[in-house]
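If you want the building blocks of each chain, they are given just below.
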Amino acid sequence: MHLHAIHGGLALEGHKAASAAGDLRACPPPPRLVLALRQHAGLPARPVVAVGERVARGQVLALPEGSGAPVHAPLAARVLAIEDRPLPGQGAPAVPHLVLEPTGSAEAALLAPLPDDAEPGALRTRIAEAGLVGLGGAGFPTAGKLDAARELVIINGAECEPWISCDDALLRAHAGEVLRGARLLARAAGARRVLLAVEDDMREALAACRAAAAEDGGDIEVVAVPARYPAGGERQLIQALTGREVPRGGLPRDLGIVVFNVGTARAAWRAVALGEPLVERVVTVTGPGVAQPGNFLVPLGTPVSHLVELAGGYTPLARRLLLGGPMMGTALAHDDFPIGKTQHCVLVLGERDLRPATEEMPCIRCGDCASACPARLLPQQLLWQARADRLDDAREQGLPDCIECGCCDLACPSHIPLTETFRRAKGALLARDADAADAAAAKARFEARQQRLEREAAEREARLAARKAAAASPEAVAAALERARARRAAQQNPDEPA
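The rules behind these values
Residues numbered from 1 in each chain as written. Predicted model: local features only at pLDDT ≥ 70, side-chain atom pairs only at ≥ 80, totals over all residues. Heavy atoms only, no water. Pairing = 2+ DSSP bridges. Helix = DSSP H or I, 4+ residues; strand = E, 2+ residues; numbered from the N terminus. Axes fitted to C-alpha atoms, helices over the stretch in contact; angles between N-to-C directions. Contact = heavy atoms within 4.5 Å. Patch = residues over 30% accessible without salt bridge, like charges linked within 9 Å, V, L, I, M, F, W, Y side chains within 5 Å. Areas by Shrake-Rupley, 256 points an atom, 1.4 Å probe, with all protein chains shown as cover. Salt bridge = Lys/Arg side-chain N within 4 Å of Asp/Glu carboxyl O. Buried < 20%, exposed > 50% of the residue type's maximum accessible area, 1.4 Å probe, protein only. Phe/Tyr/Trp six-rings, centres within 6.5 Å; stacked < 30°, edge-to-face > 60°. Lys NZ or Arg CZ within 6 Å of the ring centre and 35° of its normal. Polar contact = N/O pair within 3.5 Å; in protein donor to acceptor, adjacent residues only side chain to side chain. 1 Å grid on protein atoms, 1.4 Å probe; cavity = no way out; pocket = protein on both sides within 12 Å on 5 of 7 lines; lining within 4 Å. Points joined across faces, edges and corners; volume = space filled by probe spheres on them. Nonpolar A, V, L, I, M, F, W, Y, C, P; charged D, E, K, R; others polar.

Peer 1: Got a minute to help me understand the sheet that holds strand S9 (residues 152-157) in this structure?
Peer 2: Strand pairing within a sheet occurs via backbone hydrogen bonds; the two strands may be parallel or antiparallel. A sheet is described by the order of its strands in space; here four strands give the open sequence S11-S10-S9-S12, paired in parallel fashion. Here the strands that pair on one side only, and so sit at the sheet edges, are strand S11 (220-225) and strand S12 (257-261). Ignoring strand direction, the axes of neighbouring strands in this sheet form an average angle of 25°. The pairing of S9 with strand S10 (residues 193-199) spans six bridges and is classified as parallel. Paired with Ile155 across the strands is Leu196, a residue of S10. Strand contacts of helix H5 (residues 234-242): S9, S10, S11 and S12, with the helix running at about 115° to S9, the strand carrying the most contacts. Along the sheet, helix H6 (residues 262-274) contacts S9, S10 and S12; its crossing angle with S12, the most-contacted strand, is approximately 85°.

Printed below as a string of structure tokens:
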């Protein structure tokens, strides 16, 4: 098929050979599992188990609040604690976590498998029950992306960020399951067309996908896309495959398109065909700071420290620990953080892999940041607006459309921390919008209360006026006089019967 050019982006060294060289490896159970109750976009899930309770693999541990996703037990275990812990990232909030001790039991509490011809509504319900979210990093609940009919489903295997090879390993090992999951997602979305995008340098994965597609009838088109960062971004991939751009402030659904990660597609098939909730994912552990890089099938809640041990431990080169890739990952202060549904890489970089600490210099208006921006933004303009706290102007200039890919940072000769500035500005904008929404809701409640009080006062006045009007009528006056005469007569003749 014809591919379309995307704006900006960078050609980056992959650094994927070491982790992609071997087969997908199993991760033995760690001594403890720690499950954050917010592993998705939205509010934290609500725990439905108690400390000391024994749970089976796949058992529901927490139910969603609002549009979230349930959390299931990755292994048979005993609940040791329910406690608040911080999420990865500087300034990230503390949320409830479940601490589990695996028991080694094979007990499982899986869902009943669904037939291949299950109705789309049943598929969507199962996907929600199984706790599926986007495994590419965004964490949006999968069922929410299937709530309206779509024309095209894109399965995203364009793993463009350096060092990360978990999707490559998954496709090489389980291409058939990914394609079967893609068909289920297409049926659930009512889509007639499915594209599976894989980067052109993932040769073994491409061959495995094409072979699996041919065996299953060839109804899914496997497309090789250029290995250019960030070609795997949702909007960039849509543009490359279809030539259409998601409108500013819009979503892919506005074009009748929905995009899922390859890991999400496989998880969908396992949820439907095997009744298995989302309790594990593939994670890349790599970098010069670990001895034996590789890809592991990891129970959710496994601590980063356990994965580093499986990868041979730290080497003397280790200098910085990241959860995620070098462009969009989160730096960690320690390795006690657990793997959640949206974490796909543990990266330990060496000194020479770090960008030298250089003092920020004035912007020279070269425009390199705008040329590199895949979202077609003007980073130097956004920078000025963000630092001047002109957030409304920044919003109009497209700040919410920034995907925080870091291309502008690498392109900037003045070493200005553009992405970090935009991330903070977006957070401030969200906080301000939330405050405005809270204020509007409070105002609405106050006005509703005032209207209720005024209505009740008017009703009381109407009742009082009605009573006064009734008391002033001739019939009421005559009745009152008659009652008064009867009382006087009774007082004058107390021995006479009434």
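That was the structure; now back to the text.
Peer 1: So what exactly am I meant to see when it comes to the sheet that holds strand S5 (residues 60-63) here?
Peer 2: Taken in spatial order, the three strands line up as S3-S5-S6 in an open sheet, and their pairing is antiparallel. Of all strands in the sheet, those with a lone pairing partner are strand S3 (46-47) and strand S6 (71-72), marking the two edges. Note that S5 and S6 share two bridges and pair antiparallel. The partner of Ala62 across the bridge, within S6, is Val71.

Peer 1: Mind showing me how you'd approach a nonpolar patch on the surface here?
Peer 2: A surface patch of nonpolar side chains, about 190 Å² in accessible area, is lined by Val48, Val60 and Leu63. Structurally, Leu63 is set in strand S5.

Peer 1: Would you take a moment to explain unusual backbone geometry for this structure?
Peer 2: Leave glycine aside and you will find that most residues have negative phi; peptide bonds, for their part, are mostly trans. Along the chain, Tyr229 connects to Pro230 via a cis peptide bond; the corresponding omega equals -5°. Assignment of secondary structure puts Pro230 in the loop between S11 and H5. With a phi close to 55°, His15 is a non-glycine residue in the positive phi region. Relative to the helices and strands, His15 resides in the segment before helix H1 (17-20). Positive phi outside glycine occurs at Glu404, with the angle close to 55°. Along the chain, Glu404 falls in the loop between helix H10 (391-396) and helix H11 (407-411). Among the residues examined, Glu404 registers a relative accessible area of 18% and is labelled buried.

Peer 1: Help me understand the packing of aromatic side chains in this model?
Peer 2: Note on aromatic pairs: each is described by the distance of the centres and the angle between the planes. In total, this model carries zero aromatic pairs according to the counting rule given. In this structure, Lys145 is placed above the aromatic ring of Phe260, and the distance from its NZ or CZ to the ring centre is 5.1 Å. In this structure, Arg180 is placed above the aromatic ring of Trp269, and the distance from its NZ or CZ to the ring centre is 4.9 Å.

Peer 1: Help me out: how do you make sense of the side chain of Thr302 in this one?
Peer 2: Within the fold, Thr302 resides in the loop between strand S14 (294-299) and helix H7 (304-310). Look at Thr302 and you get buried, because its relative accessible area is 0%. A polar contact of 2.7 Å, which involves the side chain of Thr302, links it to the backbone oxygen of Pro299. Setting aside chain neighbours within four positions, we find Thr302 in contact with Cys27, Pro30, Leu33, Leu307, Phe337, Pro338 and Ile339.

Peer 1: How should I be thinking about the side chain of Ser19 in this particular structure?
Peer 2: On the secondary structure map, Ser19 appears in helix H1. The residues contacting Ser19, other than those within four sequence positions of it, are Trp163, Ser165, Thr284, Thr286, Pro293, Gly294 and Asn295.

Peer 1: Looking at this model, I keep getting lost on the pattern of salt bridges. Mind explaining?
Peer 2: Oppositely charged side chains are able to pair whenever their charged atoms sit close together. In this structure the tally under the stated criterion is 29 salt bridges. The salt bridge involving Asp401 is made with Arg248; its shortest N-O contact spans 3.2 Å. Of this pair, Asp401 sits in the loop between H10 and H11 while Arg248 sits in the loop between H5 and S12, and the two are 153 residues apart along the sequence. Look at Asp401 and you get buried, because its relative accessible area is 12%. Salt-bridge contacts for Arg319 lead to Glu351; the nearest nitrogen and oxygen are separated by 3.5 Å. Remark: Glu351 occurs in the loop between strand S17 (345-349) and helix H8 (368-372) and Arg319 occurs in the loop between H7 and strand S15 (320-323); sequence separation between them is 32 residues. Connected through shared salt-bridge partners, Arg57, Glu177, Arg266, Arg270 and Glu276 make up one network.

Peer 1: I'm lost on empty space enclosed by the protein in this one. Help?
Peer 2: A probe as big as a water molecule, rolled over the atoms, marks out the empty space that is left. By the definition in use, this model includes three cavities of 30 Å³ or more. Space inside the largest cavity adds up to approximately 180 Å³. Surrounding the largest cavity, 18 residues form its lining, Leu135, Gly263, Arg266, Glu280 and Arg281 being those nearest its centre. Listing elements by their share of the lining of the largest cavity, those giving two or more residues are helix H3 (166-189), H6 and strand S13 (280-286). Here the residues of the lining of the largest cavity are counted per class, giving 10 nonpolar, two polar and six charged.

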